[in-house]
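Structural features, examined
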Amino acid sequence: MNERIYKSTSFQFVKELVMLVIACAFLGFILHFFVQLYVNVIVVAIVGIVSLYFTLSDRKLYVKVTDETLTVIKGKKIDEYKIEECAMKARIKNNDILTLYVTDSNDNTKSYDLSLLGYKQFEKLIEDLSVIGDKSEPITLKAE
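What counts as what
- Residues numbered from 1 in each chain as written.
- Predicted model: local features only at pLDDT ≥ 70, side-chain atom pairs only at ≥ 80, totals over all residues.
- Heavy atoms only, no water.
- Pairing = 2+ DSSP bridges.
- Helix = DSSP H or I, 4+ residues; strand = E, 2+ residues; numbered from the N terminus.
- Axes fitted to C-alpha atoms, helices over the stretch in contact; angles between N-to-C directions.
- Expected span 1.5 Å × (residues − 1).
- Buried < 20%, exposed > 50% of the residue type's maximum accessible area, 1.4 Å probe, protein only.
- Contact = heavy atoms within 4.5 Å.
- Core = buried A, V, L, I, M, F, W, Y, C linked by side-chain atoms within 4.5 Å.
- Phe/Tyr/Trp six-rings, centres within 6.5 Å; stacked < 30°, edge-to-face > 60°.
- Lys NZ or Arg CZ within 6 Å of the ring centre and 35° of its normal.

**Things to note about the sheet that holds strand E7 (residues 109–113)**
Pairing between the strands of a sheet comes from backbone hydrogen bonds, and it takes one of two forms, parallel or antiparallel. A sheet is described by the order of its strands in space; here three strands give the open sequence E5-E6-E7, paired in antiparallel fashion. Edge strands, defined here as strands with exactly one partner in the open sheet, are strand E5 (87–93) and E7. Ignoring strand direction, the axes of neighbouring strands in this sheet form an average angle of 20°. The sheet contact formed by strand E6 (residues 97–103) and E7 spans five bridges and is antiparallel. By the bridge assignment for E7, Thr103 is matched with Thr109.

**Focus: helix H2 (residues 37–59)**
The end-to-end C-alpha distance of H2 is 32 Å, a good match for the 33 Å that 23 residues give at a rise of 1.5 Å each. Within the sequence span of H2, burial applies to Asn40, Val44, Gly48, Thr55 and Ser57. At its buried positions, H2 is contacted by helix H1 (10–31), strand E2 (61–65) and strand E3 (69–74).

**As for unusual backbone geometry**
Leaving glycine out, the prevailing phi sign among residues is negative, and the prevailing peptide bond configuration is trans. Phi is positive for Asp107, which is not a glycine, with a value near 60°. With respect to the helices and strands, the residue Asp107 is situated in the loop between E6 and E7.

**Focus: the nonpolar core**
Among the nonpolar cores identified, the biggest contains 20 residues, and Leu70, Leu100, Leu114 and Leu125 are the most heavily contacted of them. Elements supplying a minimum of two residues to this core: E2, E3, E6 and helix H3 (119–128). Other than its neighbours up to four places away in sequence, Leu114 contacts Leu61, Val63, Leu98, Leu100, Phe122 and Leu125.

**Brief notes about the pairing of E6**
Judged from the seven bridges that link them, E5 and E6 form a sheet pairing that is antiparallel. Note on E6: the bridge partner recorded for Ala87 is Thr103. As consecutive antiparallel partners, E5 and E6 are separated by three residues, and within that stretch Asn94 has a phi angle of approximately 60°, a positive value. A loop of five residues connects E6 with E7, the two strands running antiparallel in sequence, and Asp107 in this loop sits at a positive phi of about 60°.

**Examining the packing of aromatic side chains**
All told, the structure shown has three aromatic pairs when counted by the stated rule. Summarising the aromatic geometry, the rings of Phe29 and Phe33 are spaced 5.3 Å apart at their centres and angled 80° between planes, so their arrangement reads as edge-to-face. Taking relative accessible area as the criterion, Phe29 reaches 46% and is therefore assigned partly exposed. Both rings, one in Tyr81 and one in Tyr112, keep their centres 6.4 Å apart while their planes meet at 75°; by these two values the pair is edge-to-face. With Tyr81 in strand E4 (residues 77–82) and Tyr112 in strand E7, this pair connects stretches of sequence that are 31 residues apart. The same class applies to Tyr81 and to Tyr112, which are both buried. Across the ring face of Tyr101, the terminal group of Lys89 is positioned such that the distance to the ring centre comes to 5.3 Å.

Purely geometric stuff here, so don't read any function into it on its own.
As structure tokens, then:
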């Protein structure tokens with residue numbers, strides 16, 4: 001049984017932190033036209049702390065793929081799927097926003113933001129899951 005693990009990259013994590021700092025600075029700049037300084041500082045601090053919390057929690061996310069299963073682990077929460085019983089779809093937006101959609105046998109669809117994996121790892125992951133690549137099923141389009 002071949003097991004492959006996909007974890008977030010340090011580069012993507014630092015990139016997210018830099019974007020967070022820039023977004024907070026921009027928010028502070030915009031807010032200084034409308035509110036007093038102490039309100040501006042409070043709002044920017046709250047937004048920054050909440051965003052940092054979500055970024056740090058996404059850092060703990062990793063994906064484990066075997067020949068039969070897909071396991072998505074985010075902290076203490078573990079979602080495990082049998083690959084043959086699921087339909088999977090991937091969405092890549094600007095090579096930056098990477099989302100995996102998994103529809104289980106009960107037609108429950110769950111989406112996972114895997115942006116911290118980075119584009120190359122995400123591409124390897126969806127190829128392992130047969131969403132793209134040589135192992136994927138061909139899509140047939142019918143013209144009317």
